[in-house]
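Each chain, written out:
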Amino acid sequence: MAASISSATQRRPTQTTPDQTTSDQKHPVSDPVPNPKPMFQYLAAGLVVFLGLLQLLPATHIRDPFDPFRNWVPVTGNSISYYSEKDGPLTVSSNRGGDDDDGLVHVVSWMECLDLRVVTVLVNSTLSSSRYPDLVYFDFFLPGGNEDKLSFYKLKVLFPHSNIEFHGQEEVKQVIRNTVSGEEFSRLNFEEIVPFIIPSIHKSLKKFMYISPNVIVKGKVEELIGTDLSTYAVSAPDDCSEKLSSYVNMDVLDAVQRSASKPWVSNTPYTRDACMPDLTVVLIDVRKLRADFLEAFRWWTKVLNLSERSNGKNPAVALALYDRYLKLSDTWLITLSQTDTSMLIHYDGPKLICSESENLVTLPSNKGNNLWKRYLPPFANQILGS
């Protein structure tokens, strides 16, 4: 009985008949992959090439990594978009796209006596504070000009990827010498007027900022260069600790205003408590700049007998600019110490000055926080010398 059950539970292997094998070969389990039509293959290849070419087009929108909301900001051919913690998304002109523009943020400075340590702090503080350091271009007007190769190479060692150029001063001084008499010329503080003369010599400058060398820059120069000047050619902050009435006899000035018919004389009476412009930083759009600045400066110097002034700011500059410049934000007014809003701080380190004997005199650093040391690159003392 047990053997019978065992034989019943065992299945016999099935045998495949010849007819069944032939049927399986005719009808496989899965159908073969169909071949696509050539037309669709060409369309797919064309789409891949098209998408690849799209990557070569310039970006139309970007997202600034500093923007906490990651908003898309449009990009145009002549603008830079970025996020400001104070004002939110902003667009700053980069001067691109115009026939006369080179897309750089030009920073111009003038030094009667070259002090590489001061120049180094100015360059490093400006680049460190900028969001686009590759766009910043420094034009330094120095006694030795581009002939001072050693000083130039020292700076390039410290800032190998920066844009720095040296220019001579003689051409600019010659323009002033042709207009101003010898006695007046010897008394001039060139830093007050050279920002308005330099563009007549260096035609490539279309919009630039002049910055005094003895400063530490904390503000973003690309924000400053992007200031909308409207119809003005010049922009500078007002120093209301200095009043025009402190430098000029206002009764005489009122008499001049009523009688003189010069384009640089105001049509309305001069304000007695008018603030003096601080020319530590000046933004200039050369395309709107009038060519009569030097003539106006000399005229005011003669009419008000200002050539005998011994110190302080020259009111002839303030009068030549009166009602002809845009007031910059007070944050660009130079300060003695660092604050949360200060964009410019007085250089507080040792510096060289020119003496009447044409020898260099070193002034010790100011007592304070020694902020200037923070902007000396590594090995700067070894490269620049003691």
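What counts, and at which threshold
Residues numbered from 1 in each chain as written. Predicted model: local features only at pLDDT ≥ 70, side-chain atom pairs only at ≥ 80, totals over all residues. Heavy atoms only, no water. Helix = DSSP H or I, 4+ residues; strand = E, 2+ residues; numbered from the N terminus. Buried < 20%, exposed > 50% of the residue type's maximum accessible area, 1.4 Å probe, protein only. Contact = heavy atoms within 4.5 Å. Areas by Shrake-Rupley, 256 points an atom, 1.4 Å probe, with all protein chains shown as cover. Core = buried A, V, L, I, M, F, W, Y, C linked by side-chain atoms within 4.5 Å. Expected span 1.5 Å × (residues − 1). Polar contact = N/O pair within 3.5 Å; in protein donor to acceptor, adjacent residues only side chain to side chain. Disulfide = S-S within 2.5 Å. Pairing = 2+ DSSP bridges. Axes fitted to C-alpha atoms, helices over the stretch in contact; angles between N-to-C directions. Parallel < 35°, antiparallel > 145°, perpendicular 65-115°, else oblique. Nonpolar A, V, L, I, M, F, W, Y, C, P; charged D, E, K, R; others polar. Salt bridge = Lys/Arg side-chain N within 4 Å of Asp/Glu carboxyl O. Patch = residues over 30% accessible without salt bridge, like charges linked within 9 Å, V, L, I, M, F, W, Y side chains within 5 Å. Right-handed = clockwise from strand over helix to strand, strands pointing away.

Caption draft 1: Examining the overall build of the protein chain more closely. When helices and strands are tallied, the protein chain shows 13 helices and 17 strands. Taken across its 386 residues, the protein chain has 42% of its residues classed as buried. For the protein chain, the share of sequence-separated contacts (at least 6 apart) that also reach a separation of at least 24 residues comes to 69%. Taken as a whole, the protein chain presents about 22,400 Å² of accessible surface, with 53% of it coming from carbon and sulfur.

Caption draft 2: Representation of the nonpolar core in the model. I176, L253 and W300 are the most contacted members of the largest nonpolar core, which totals 49 residues. Membership of the second largest hydrophobic core comes to 44 residues, among which are V107, M209, I211 and L384.

Caption draft 3: Structural detail: the environment of S130. Relative to the helices and strands, S130 resides in the loop between α4 (116-129) and β6 (136-141). Judged by relative accessible area, which is 9%, S130 ranks as buried. Along the backbone, S130 and K218 are 88 residues apart, and their C-alpha atoms lie at a distance of 8.6 Å. Those residues in contact with S130, other than ones at most four positions away along the chain, are V136, V221 and E222.

Caption draft 4: Looking closely at α4. Taking 1.5 Å per residue as the helical rise, α4 with its 14 residues ought to reach 20 Å, and the 20 Å between its terminal C-alpha atoms agrees with that figure. Burial runs high along α4: 13 of the 14 residues are buried. Two or three places before R117, at the opening of α4, D115 has a side-chain oxygen 3.2 Å from that residue's backbone nitrogen.

Caption draft 5: Focus on the state of the cysteines. Applying the stated rule across the entire model yields 1 disulfide. Residue pairing for C240: its cysteine sulfur links by disulfide to C275, the two sulfurs lying 2.0 Å apart. Residues C240 and C275 are joined by a disulfide whose S-S torsion is about 95°; by sign, that bridge is right-handed. Taken together, the residues C240 in strand β11 (residues 238-243) and C275 in strand β12 (residues 275-277) connect sequence positions 35 residues apart. For C240, a relative accessible area of 43% gives the class partly exposed. Look at C275 and you get buried, because its relative accessible area is 18%.

Caption draft 6: Structural view of the sheet that holds strand β14 (residues 325-327). Spatially, 7 strands are ordered β7-β6-β5-β8-β13-β10-β14 in an open sheet, and the strand pairing comes out mixed. The open sheet terminates on both sides in strands that have one partner only, identified here as β7 (163-167) and β14. When the angles between neighbouring strand axes are averaged without regard to direction, this sheet yields 25°. Note: strand β10 (residues 234-236) against strand β13 (residues 281-285), 2 bridges, orientation antiparallel. Looking at β13, one finds that S235 is bridged to L283. Along the sheet face, α4 touches β5 (105-110), β6, β7 and β8 (207-211) and points at about 160° away from the line of β6.

Caption draft 7: Inspection of the environment of E112 at higher detail. Along the chain, E112 falls in the loop between β5 and α4. Note on E112: relative accessible area 34%, which makes it partly exposed. Considered as a pair, E112 and I353 are 241 residues apart in the sequence and their alpha carbons are 8.2 Å apart. Apart from the residues lying within four places of it in its own chain, the contact partners of E112 are P143, Q169, K173, F190 and C354. A distance of 2.7 Å separates the side chain of E112 from the side chain of W110, its partner in a polar contact.

Caption draft 8: Here's a closer look at unusual backbone geometry. Phi at S230 is positive, roughly 55°, even though this residue is not glycine. Among the structural elements, S230 can be located in the loop between α9 (221-225) and β10.

Caption draft 9: Quick look at the packing of helix α6 (residues 170-179) against helix α8 (residues 190-201). Two elements in contact, α6 and α8, have axes whose closest approach is 9 Å; the angle formed by their N-to-C orientations is 105°. Compared by their axis directions, α6 and α8 come out roughly perpendicular. Each of E171, V172, K173, V175 and I176 in α6 lies in contact with α8, whose residues at this interface are F190, I193, V194, I197, I198 and I201. Across the contact of α6 with α8, the residue classes break down as 9 nonpolar, no polar and 2 charged.

Caption draft 10: Structural context of the pattern of salt bridges. All told, the structure shown has 7 salt bridges when counted by the stated rule. Among the ionic pairs, K173 bridges to E112, the shortest N-O distance being 3.5 Å. Note that K173 is positioned in helix α6 and E112 in the loop between β5 and α4, a separation of 61 residues in sequence. Owing to a relative accessible area of 15%, K173 belongs among the buried residues under this scheme. Here R287 and D285 are joined by a salt bridge, their closest N and O atoms 3.2 Å apart.

Caption draft 11: The arrangement of a nonpolar patch on the surface in detail. A cluster of nonpolar side chains, L47, F50, L51, L54 and L57, forms an exposed patch at the surface whose accessible area comes to about 490 Å². Its place among the elements puts L57 in the loop between α3 (38-54) and β1 (61-63). A relative accessible area of 54% means that L57 is categorised as exposed.

Caption draft 12: Main features of the pairing of β5. Counting buried positions along β5 gives 6 out of 6 residues, so the element sits mostly inside the fold. Residues V105, V107 and S109 line one face of β5 and the alternating positions H106, V108 and W110 line the opposite face, and both faces are buried. One ladder, built from 6 bridges, connects β5 with β6; its direction is parallel. Directly across from H106, in β6, lies its bridge partner Y137. Traced from β5 through α4 to β6, the parallel crossover comes out right-handed.

These figures capture arrangement, not role.
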